[in-house]
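Per-entry structural report
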Amino acid sequence: GRQTVSDEVRLRHPAAEVAGNYLLAFDADGTFWYLYRSSTCVNSGRADFPIEDAAVSENGYVAFLTRTSDATTSLSVYGQDGKKLLRTVKREGYITSCALRDDGKRLLFSTVAPGHQNWTTRFACLNTVTGDILFDSSVDNCFAYDCYLTSSGNMFACTQDGILALSAGGKETQKVAWNTD
């Protein structure tokens, strides 16, 4: 292929997320980020705290999962123009992952905390326009470390035991165990 982007990007631990024509490049455990549409940088900046995870939607919305100075985690959502769309979300436990729906109007995130006998993962979905919580559900004996949101609103999570499928309303619909043979 031929080179289409030649910008100087300063990332010590480069990571990227892609949706539609957008590429979000960010410094994992750093604060710098760059938003590209096709081969043009349309926005860049610095997060307030080190970035743990990020997501981008097909309309250029971006979500950052950051680790704050007191070791808690928080989420923020921004439009393509860099304006904050959603207040910073902080939760009890540790936010492990975030995902945006293709249109950017829904934000899914998973939070892990010690449960009664094992880990419990809470999944929450927010409307990024209104800030309303669409659902907040928990799954016992589950440590989810990554989550995904489909355009139809269904969700998937990678857990210590396999793949967990959730309905658009946050109800567990299926578990698929990892094949460890």
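Quick look at the overall build of the protein chain now. If you tally the helices and strands in the protein chain, you get zero helices and 16 strands. In terms of C-alpha radius of gyration, the protein chain reaches 16 Å, essentially the compact-globule figure of 16 Å for 181 residues. A principal-axis box enclosing the C-alpha atoms of the protein chain has dimensions of 50 × 40 × 35 Å. Taking all 181 residues of the protein chain together, 44% fall into the buried category. Only carbon and sulfur atoms are counted for the fraction: they give 46% of the accessible area of the protein chain, which is about 9800 Å². Considering the protein chain, the positive charge centre built from 17 side chains and the negative charge centre built from 21 side chains are found 6 Å apart.

With that settled, the discussion passes to the pairing of strand β13 (residues 144-149). In this sheet, strand β14 (residues 155-159) lies alongside β13 in antiparallel orientation, the contact comprising five bridges. What sits directly across from Leu-149, in β14, is Met-155. Hairpin remark: β13 followed by β14, antiparallel, with five residues in the connecting loop; positive phi at Gly-153, about 100 degrees.

Let us now look at the packing of aromatic side chains. According to the stated counting rule, one finds three aromatic pairs in the structure shown. Taking the centre distance of 5.4 Å and the plane angle of 45 degrees together, the rings of Trp-33 and Phe-64 count as tilted. In this pair, Trp-33 is assigned in strand β3 (residues 32-37) and Phe-64 in strand β6 (residues 62-67), connecting sequence segments 31 residues apart. Of the two residues, Trp-33 and Phe-64, both sit in the buried class.

This part covers the pairing of strand β1 (residues 14-19). Along any regular strand, the residues point their side chains to alternate faces of the sheet. Judged from the six bridges that link them, β1 and strand β2 (residues 22-27) form a sheet pairing that is antiparallel. Note on β2: the bridge partner recorded for Ala-16 is Ala-25. A loop of two residues connects β1 with β2, the two strands running antiparallel in sequence, and Gly-20 in this loop sits at a positive phi of about 55 degrees.

Okay, the nonpolar core next. In globular proteins that are soluble, nonpolar side chains generally tend to be buried together. With 15 residues, the main nonpolar core has Ala-63, Leu-75, Cys-98, Leu-107 and Phe-109 as its most contacted residues. Elements supplying a minimum of two residues to this core: β6, β7 (73-78), β8 (84-90), β9 (94-100), β10 (106-114) and β11 (119-127). Here the element with the most residues in this core is β9; it accounts for three residues. Cys-125, Phe-135, Met-155 and Leu-164 belong to the second-largest nonpolar core, a separate cluster that totals 14 residues.

Right, let's get into the sheet that holds strand β15 (residues 162-166). Strand order in this open sheet of four strands is β13-β14-β15-β16, and the pairing throughout is antiparallel. With one partner strand each, in any of the chains shown, β13 and β16 (172-177) form the two edges of the open sheet. Geometrically, the sheet is characterised by an average inter-axis angle of 20 degrees between neighbouring strands, direction not taken into account.

The four strands are arranged β1-β2-β3-β4 in an open sheet whose pairing can be described as antiparallel. Pairing within the sheet leaves two strands with one partner each, and these edge strands are β1 and β4 (40-46). For this sheet, the mean angle separating the axes of adjacent strands, direction not counted, is 15 degrees. Alignment of β2 against β3, held across five bridges, turns out to be antiparallel. Paired with Leu-24 across the two strands is Leu-35, which belongs to β3.

Rules used throughout
- Residues numbered from 1 in each chain as written.
- Predicted model: local features only at pLDDT ≥ 70, side-chain atom pairs only at ≥ 80, totals over all residues.
- Heavy atoms only, no water.
- Helix = DSSP H or I, 4+ residues; strand = E, 2+ residues; numbered from the N terminus.
- Rg over C-alpha atoms; globule rule 2.2 N^0.38 Å.
- Buried < 20%, exposed > 50% of the residue type's maximum accessible area, 1.4 Å probe, protein only.
- Areas by Shrake-Rupley, 256 points an atom, 1.4 Å probe, with all protein chains shown as cover.
- Lys, Arg positive; Asp, Glu negative; His and termini not counted.
- Charge placed at Lys NZ, Arg CZ, Asp CG, Glu CD.
- Pairing = 2+ DSSP bridges.
- Phe/Tyr/Trp six-rings, centres within 6.5 Å; stacked < 30°, edge-to-face > 60°.
- Core = buried A, V, L, I, M, F, W, Y, C linked by side-chain atoms within 4.5 Å.
- Axes fitted to C-alpha atoms, helices over the stretch in contact; angles between N-to-C directions.

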